[in-house]
Amino acid sequence: MRLELGEIHISDIKLGDCSKVENGTLYVNVEELRALLLEDEDLASVDFEVVHPGESVRIIPVKDVIEPRVKVEGSGGVFPGMISKVTTVGSGKTHVLKGCAVVTTGKVVGFQEGIIDMTGPGAEYTPFSKLNNLVMICEPKEGIKQHQHEHAIRMAGLKAAAYLGALGKDVTPDETKVYETSGVMSGKEKYPDLPRVGYVLMLQSQGLLHDTYVYGVDMKKSMPTILNPTETMDGAILSGNCVSACDKNTTYHHLNNPVIHDLLEQHGKTLNFVGVIITNENVYLADKERSSDWSTKLAQFLELDGALVSQEGFGNPDTDLIMNCKKLEAAGIKTVIITDEYAGRDGASQSLADADPAADAVVTGGNANMVIHLPKMDKVIGHPEAANIIAGGFDGALEADGSITAELQVITGATNEMGFNKLSAR
Amino acid sequence: MVKEIERAGVTVVHMCTVTPISMTVGANRIVPTIAIPHPLGNPALTHEEEFELRYKLVEKALKAFETPVDDQTIFD
Amino acid sequence: MSLRVVHYINQFFAQIGGEEKADYAPEYREGAVGPGLALNAAFKGEAEVVGTVICGDSYFNENLDAAKATVLKMISDAKPDVVVCGPAFNAGRYGVACGTVAAAVKDELNLPVVTGMYEENPGADMFKNKVYIIATKNSAAGMRDAAPKMASLAIKLAKGEKIGASAEEGYMPNGLRVNFFEAERGSTRAVKMLLNKLAGKPYTTEFPMPSFDRVAPGAAITDLAHTTIALVTSGGIVPKGNPDHIESSSASKFGRYDISSFEDLTAADHETAHGGYDPVYANEDADRVLPVDVLRKMEKEGKIGGIYPYFFTTVGNGTAVASAKKYGEAIGKELRDAGIKAAILTST
């Protein structure tokens, strides 16, 4: 598969009466976009704010972050099975509005949504403080159920990202990157001497607002399967998560999966990137056993020499992580896992809920229990009192002066387990 | 070395002076000895007395062999 | 005014002498001695070694309580802002002494303290979770690398500044996980780690799995009178002349020698190859390390079934854990194959 990614650099977002991309500025016709989003009967209101890097602004609670994209050539459309038809994506040409994102907020859906600070100490821990963000405050109609609420906000974010992405369809990209992958047989012929490497991408699928969708399929109802790496760049995998903010993979993370990008960077040079095995993190032990058996079986079908495994979330998914690692290693496939740690506020506790000597190559995104003080911001978008209830926060986390003392867990993307960040721990 | 030999199914008694190191290294039956350069002797004693001292230390080792243990144990 | 530092070193680094002086009792000297000069240079005027406590390694380890008390008093009397011990590199007893002194300085004197040693020094595992231990190379040639790290950490501790993660400051991981920013993102680090793992090259995990490396205790021996006991030592006992040239430190091999015809080891037939302790006593009478004479007597008395005809020997001093493990596996295999159920291992 061959995908051309045309990046249009966005340096500012302006709200107005005409939607377009011009000279690096994204103009948004608020009324038109609002009307589109309010077609969803579950939403009562949608308001918009624009925030820039360095501004004294806090967004809380953050549900999802999505990068606007549009399919320019090739089959299918972005966010297949959710916004576009289920047609297979990942080939042809896609345009990306780089440097900006849609951030959804509003009344808290689950208990586990996060914070983005655009400046100060908290900003150092989230990649989204470096983007120009169109923040959408989505409030649900009274009386709807929690899962309807989640669905409404998820869809609003995706619709908005697709709407904005479409504005870049006819714009000449500032930069074009080409990603090309081989088939299982042709790759072997092309790179006979390179180690065959696969990526086992674990997707949160615990149910109860902890879900991930692949071509519209709820991953907890799927067996592990294989994706071409470029499919993720068109939005084949979408977040429906309200998991702990620091280590949930937002849709932005899936679109820009750093493991996939780094493996493609090495593809044909130091390794042969054979494919992506997606698997789930279900709540039943039998599911965990079956899925880890299957991910290993698929890795053996692909005749992998090595595998990278990334996790999402923590706690019982640590068992899925360790099962995957143990079984891959037992099958003779050299494995590196990426996780994060819950080592307690003092860093002295056992970091993972499960462990095995086979996991001898671990990359960590840091200790999510580390306590951080987030000073008062001039402006707060959303509901600051959520700090008292979101994961990593606690009663009294929000102080009278507007500052927040909480664990790093509260910050969206802070200890990402795809290895998106530079944060680590020893 | 202690662990690897024990792993092979051989019961090992570790006779050494610096017992904390033995604990760290993972020995299961530990008999403390006299001094680093002469764990099983004492040059200040006569040859006969020294033999007697050594005999007693090795008796402790035999006792350690005969004693079932669940965890790292120092036989003082 | 610069910070006051008191430095603890052994007899060897004080240039008093080697193993023959290892029983040297504690002594206090004004100013810097030996490696203290390198520390002073690394302090760059911010701190200064005002006094040095010197103690022989054997003296310290064999008179633990008394030696510790004396050393602590000497340190305390010099009124330091921070204490530095060693570095001990791969000297095992020196490492244990440095760790013991450092832990006592921290717990009993409530003073900040830094020590340094090689990661395989037994003192490292014993004390790395109690005090900051800078990871050094395995010989004194590593002083050039160690001094700036020890100096920098000592100054930070003395000033009460925030201490970064082990990977940043150079101390051994101490069980407390500390966040910090790496130079590369996690995915890039993971890809590099995988390429190294695939190529069989060294790599360092960022989170070592909790240690499970304990072996279940062997079964109790119920019938010693009919049990053959094998003898193993890390004390370097070899036939006179060291026929296989086992190294005095960082041994690259182990020896296997016939003792079936020996009733008693004597200066005429056995000696030690070990370079980490005073060899005089073992050379006079190797039974002091490997108790062949008493086991023969017990054999005659019917207390044990016999002695395995070969003893196994190596030099523990400075020998890599990985090598020791390899020797242990080979010895264990021979004993298991020979149906031996019991072994005495002596260490110096």
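Quick caveat: nothing in here was measured; it's all calculated off a predicted structure.

Trainee: Sorry, what's going on with the packing of aromatic side chains here?
Mentor: In this description, a pair of aromatic rings is defined by centroid distance and the angle of the planes. Under the defined criterion, the tally for this structure stands at 15 aromatic pairs over all chains. Pairing Phe314(A) with Tyr342(A) gives two aromatic rings, centres 3.7 Å apart and planes at 15 degrees, and the pair type is stacked. Of this pair, Phe314(A) sits in the loop between strand E19 (306-310) and helix H7 (317-330) while Tyr342(A) sits in the loop between strand E20 (334-341) and strand E21 (362-367), and the two are 28 residues apart along the sequence. Through a chain of ring-to-ring contacts, three or more aromatic side chains come together here, namely Phe254(C), Tyr308(C), Tyr310(C), Phe312(C) and Tyr327(C).

Trainee: Is there a simple way to explain unusual backbone geometry in this structure?
Mentor: Apart from glycine, the bulk of residues carry a negative phi angle, and the bulk of peptide bonds sit in the trans form. Across the junction of Ile60(A) and Pro61(A), the peptide omega takes the value -10 degrees, indicating a cis bond. If you trace the backbone, Pro61(A) turns up in strand E6 (residues 57-66). Going from Gly86(C) to Pro87(C), the amide bond is cis rather than trans, its omega being 10 degrees. Along the chain, the position of Pro87(C) falls in the loop between strand E4 (82-85) and helix H4 (92-108).

Trainee: It is not clear to me how the arrangement of the chains should be interpreted in this structure. Could you clarify?
Mentor: For the two pairs of chains in contact, the maximum contact count is reached by chains B and C. Separating chain A from chain B is a minimum C-alpha gap of 17 Å, and the two share no contact.

Trainee: How do you make sense of the interface of chain B and chain C when you look at a structure like this?
Mentor: One widely used convention gives an interface's size as the accessible area the parts lose upon coming together. Facing the 49 residues of chain B at the interface are 58 residues of chain C. Interface area, chain B with chain C, both sides summed: about 4,600 Å², of which 66% is carbon and sulfur. Summed over the shared surface of chain B and chain C, the number is five salt bridges. A salt bridge links Lys325(C) to Glu4(B); the shortest N-O distance between them is 3.5 Å. At the junction of chain B with chain C, the criterion picks out 18 residue pairs in polar contact (both at pLDDT 80 or more). Contributing elements (two or more residues each) for the side of chain B that touches chain C: helix H1 (2-7), strand E1 (11-16), helix H2 (19-25) and helix H3 (47-66) of chain B.

Trainee: Would you explain H7(A) in this entry?
Mentor: Residues separated by three or four positions in an α-helix point in the same direction, a consequence of the helix having 3.6 residues per turn. All names here are of chain A. With 14 residues, H7 extends 20 Å from end C-alpha to end C-alpha; this agrees with the ideal 20 Å at 1.5 Å per step. Within H7, 10 of the 14 residues are buried, which leaves it mostly tucked inside the rest of the structure. Tucked into the core, H7 has its buried residues touching strand E13 (196-204), strand E18 (272-281), helix H6 (285-301), E19 and E20. Residue Gly332 follows H7 closely and has a positive phi angle near 85 degrees.

The rules behind each value
- Residues numbered from 1 in each chain as written.
- Chains lettered and ligands numbered in written order.
- Predicted model: local features only at pLDDT ≥ 70, side-chain atom pairs only at ≥ 80, totals over all residues.
- Heavy atoms only, no water.
- Phe/Tyr/Trp six-rings, centres within 6.5 Å; stacked < 30°, edge-to-face > 60°.
- Helix = DSSP H or I, 4+ residues; strand = E, 2+ residues; numbered from the N terminus.
- Contact = heavy atoms within 4.5 Å.
- Buried area = accessible area lost by both parts, 1.4 Å probe.
- Salt bridge = Lys/Arg side-chain N within 4 Å of Asp/Glu carboxyl O.
- Polar contact = N/O pair within 3.5 Å; in protein donor to acceptor, adjacent residues only side chain to side chain.
- Expected span 1.5 Å × (residues − 1).
- Buried < 20%, exposed > 50% of the residue type's maximum accessible area, 1.4 Å probe, protein only.

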